[in-house]
Amino acid sequence: MAKNDDNDVRPIIKKVKKVQGGGHHGGAWKVAYADFTTAMMAFFMLLWLLNVAPPETLAGLADYFSPTTAAVSGRTGADAVNAPSADAIGSNPTPIVAISVPGPPQSGEDDGENRGTDEAGGIDDTLAKRIQAQEDAAFSQLQEQLRMAIQQSPELSQVADQLIMEITEDGMKIQLIDKDRRPMFKSGTDELYDFAKSMITEIGKSVQTLPNRITILGHTDGAVYFGPQGETNWELSAGRANSARRQLDTSGVSMDRFSEVIGKAGTDPLYPDQPNRTENRRITILVLREAPVVPPNLTN
């Protein structure tokens, strides 16, 4: 019997997968767009707040976020918001800490605390302490600046033990002392050795950043000295102090900065119980504290 070919043909089924574009992205773009919108809204709110805020509030914000290290030159308040440019400040990056005296009271009060003066017309204790704190900060900055300069010098780092720095009631005291087999001056003269010249030059570069006056003291030990022309330790110590002054002048310290150049001979030893000790031969460079000038309207 013959087979029916039409019944033996099997149907062909074709499966087609539908690919929907963008399905794998989901809703992530919506989250990103919402974050962008929120950020823009916060930005425009910040601009609006800065526009409507009074200058006093902006100055307070600037003070809050300004650095508090000794390297800050003291620009605060409205000056901190509109700080001067680098051209207006000058090429010297080292700041100078200025000492300011408050002006007359705005409220008309006449008490000594608000006026900054006592009944005798002098500076009251509160203002004096504030001025001293400002000077101490400037001296500490000077101390650190000089220490770093000496450490970075291959020549001076080897003689760093001959430098003594301290902050006293009189000011910033910098002392260069003799060491055994390492004196600063040639024996019996006021001629500096090269390393001592370099040390004083570095001191001059640091102290010229402050406006304070400078006193230089020359010291000898307690040993008796007689020069070829009958000089004594008095002439020798005074000559050595002047030699240090000339070296400071060469390093850039102006002449009007020098207050006194004094020879002390052996009257003020570093080690009073050992007057002949080598370290008693030294040069003291004293950066003086400056007395503030009170405006005339504060003393009336």
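Quantities reported herein were computed from a predicted structural model and do not represent experimental measurements. (Residues numbered from 1 in each chain as written. Predicted model: local features only at pLDDT ≥ 70, side-chain atom pairs only at ≥ 80, totals over all residues. Heavy atoms only, no water.)

Participant: Provide a residue-level description of the overall build of the protein, including the pertinent values.
Facilitator: What the protein contains, in helices and strands, is 10 helices and 5 strands. Per-residue burial over the protein gives 29% buried out of 300 residues. The contacts in the protein between residues at least 6 apart in sequence include a share of 69% that link residues at least 24 apart. Accessible surface, the protein as shown: approximately 19,800 Å² in total, 54% of it carbon and sulfur. (Helix = DSSP H or I, 4+ residues; strand = E, 2+ residues; numbered from the N terminus. Buried < 20%, exposed > 50% of the residue type's maximum accessible area, 1.4 Å probe, protein only. Contact = heavy atoms within 4.5 Å. Areas by Shrake-Rupley, 256 points an atom, 1.4 Å probe, with all protein chains shown as cover.)

Participant: Give me the lowdown on the side chain of glutamate 202, citing residues and values where you can.
Facilitator: Positionally, glutamate 202 belongs in helix 8 (residues 194–207). Ignoring any residue separated from it by four or fewer positions in sequence, one finds glutamate 202 in contact with Leu146, Ala149 and Leu156.

Participant: Requested: an account of the pattern of salt bridges, with residues and values cited.
Facilitator: One pass over the full model with this rule turns up 10 salt bridges. Here arginine 182 ties to aspartate 161 by a salt bridge, and the two come within 2.8 Å at their closest N and O atoms. Residue arginine 182 is found in the loop between strand 2 (171–177) and helix 8, and its partner aspartate 161 is found in the loop between helix 7 (125–151) and strand 1 (163–167); the two are separated by 21 residues along the sequence. For the salt bridge of glutamate 191 with lysine 186, the shortest nitrogen-to-oxygen distance reads 3.1 Å. Residues participating in the shared-partner salt-bridge network are Asp178, Asp221 and Arg281. (Salt bridge = Lys/Arg side-chain N within 4 Å of Asp/Glu carboxyl O.)

Participant: How would you explain unusual backbone geometry if you had to name every residue and give the values?
Facilitator: Within the chain, arginine 181 stands out as a residue other than glycine whose phi angle is a positive 60 degrees. Among the secondary structure elements, arginine 181 is positioned in the loop between strand 2 and helix 8. Overall, the relative accessible area of 83% leaves arginine 181 in the exposed class. Phi at alanine 265 is positive, roughly 55 degrees, even though this residue is not glycine. Here alanine 265 lies in the loop between strand 4 (258–263) and strand 5 (282–288).

Participant: Residues and numbers for the packing of aromatic side chains, please.
Facilitator: For the coordinates displayed, the defined rule picks out 1 aromatic pair. Judged by centre distance (5.6 Å) and plane angle (65 degrees), the ring pair of phenylalanine 43 and phenylalanine 44 falls under edge-to-face. Its relative accessible area of 42% is what places phenylalanine 43 among the partly exposed residues. Over the ring of tyrosine 271 we find arginine 277, and its NZ or CZ is 3.9 Å from the ring centre. (Phe/Tyr/Trp six-rings, centres within 6.5 Å; stacked < 30°, edge-to-face > 60°. Lys NZ or Arg CZ within 6 Å of the ring centre and 35° of its normal.)

Participant: Before we move on, could you go through the environment of glutamine 141 and cite the residues and values that matter?
Facilitator: Relative to the assigned elements, glutamine 141 resides in helix 7. In sequence terms glutamine 141 and serine 206 are 65 residues apart; their C-alpha atoms lie 9.7 Å from each other.

Participant: Any chance you could break down the packing of helix 8 against helix 9 (residues 233–251) for me, citing the residues and the numbers?
Facilitator: Helix-helix packing is characterised by the crossing angle of the two axes and by the distance between the axes. Close contact between helix 8 and helix 9 brings their axes to 8 Å; oriented N to C, the two are set at 55 degrees. With respect to each other, helix 8 and helix 9 are oriented oblique. Read as a crossing pair, helix 8 and helix 9 show a hand that is right-handed. Contact with helix 8, carried on its side by Lys197, Ile200, Thr201, Ile203, Gly204 and Lys205, involves Ala244, Gln247, Leu248 and Ser251 of helix 9 and no other residues of that element. In terms of residue class, the contact of helix 8 with helix 9 is built from 4 nonpolar, 4 polar and 2 charged. (Axes fitted to C-alpha atoms, helices over the stretch in contact; angles between N-to-C directions. Parallel < 35°, antiparallel > 145°, perpendicular 65-115°, else oblique. Left-handed = near helix turned anticlockwise from the far one by under 90°. Nonpolar A, V, L, I, M, F, W, Y, C, P; charged D, E, K, R; others polar.)

Participant: Run through helix 7, naming residues and quoting values.
Facilitator: Relative to the 39 Å expected for 27 residues at 1.5 Å per residue, helix 7 spans 38 Å between its end C-alpha atoms, a close match to the ideal helical length. Every buried residue of helix 7 is listed here: Leu127, Ile131, Glu135, Ala138, Phe139, Gln141, Leu142, Gln143, Leu146 and Ile150. In the core, the buried residues of helix 7 are packed alongside strand 1, strand 2, helix 8 and strand 5. (Expected span 1.5 Å × (residues − 1).)

Participant: Can you break down the sheet that holds strand 1 residue by residue, with the values?
Facilitator: In space, the 5 strands of this open sheet follow the order 1-2-5-3-4, with mixed pairing throughout. Each of the sheet's edge strands pairs with one partner strand only, and the pair in question is strand 1 and strand 4. Pairwise comparison of adjacent strand axes, ignoring direction, gives a mean angle of 15 degrees for this sheet. For strand 3 (residues 214–219) and strand 5, the ladder comprises 6 bridges, and the chain directions are antiparallel. Pairing of isoleucine 216 across the sheet is with isoleucine 285, part of strand 5. (Pairing = 2+ DSSP bridges.)

Participant: Could you give an account of the nonpolar core, with specific residues and numbers?
Facilitator: Membership of the largest hydrophobic core comes to 32 residues, with the highest contact counts inside it found for Leu163, Ile174, Ile203, Val207, Ile216 and Leu248. For this core, the secondary-structure elements that each account for two or more residues are helix 7, strand 1, strand 2, helix 8, strand 3, helix 9 and strand 5. By residue number, the principal contributor to this core is helix 8, which donates 6 residues. With residues up to four places along the chain from it excluded, the contact list for isoleucine 174 reads Leu146, Leu163, Ile164, Met165, Ile203, Val207, Ile283, Thr284 and Ile285. (Core = buried A, V, L, I, M, F, W, Y, C linked by side-chain atoms within 4.5 Å.)

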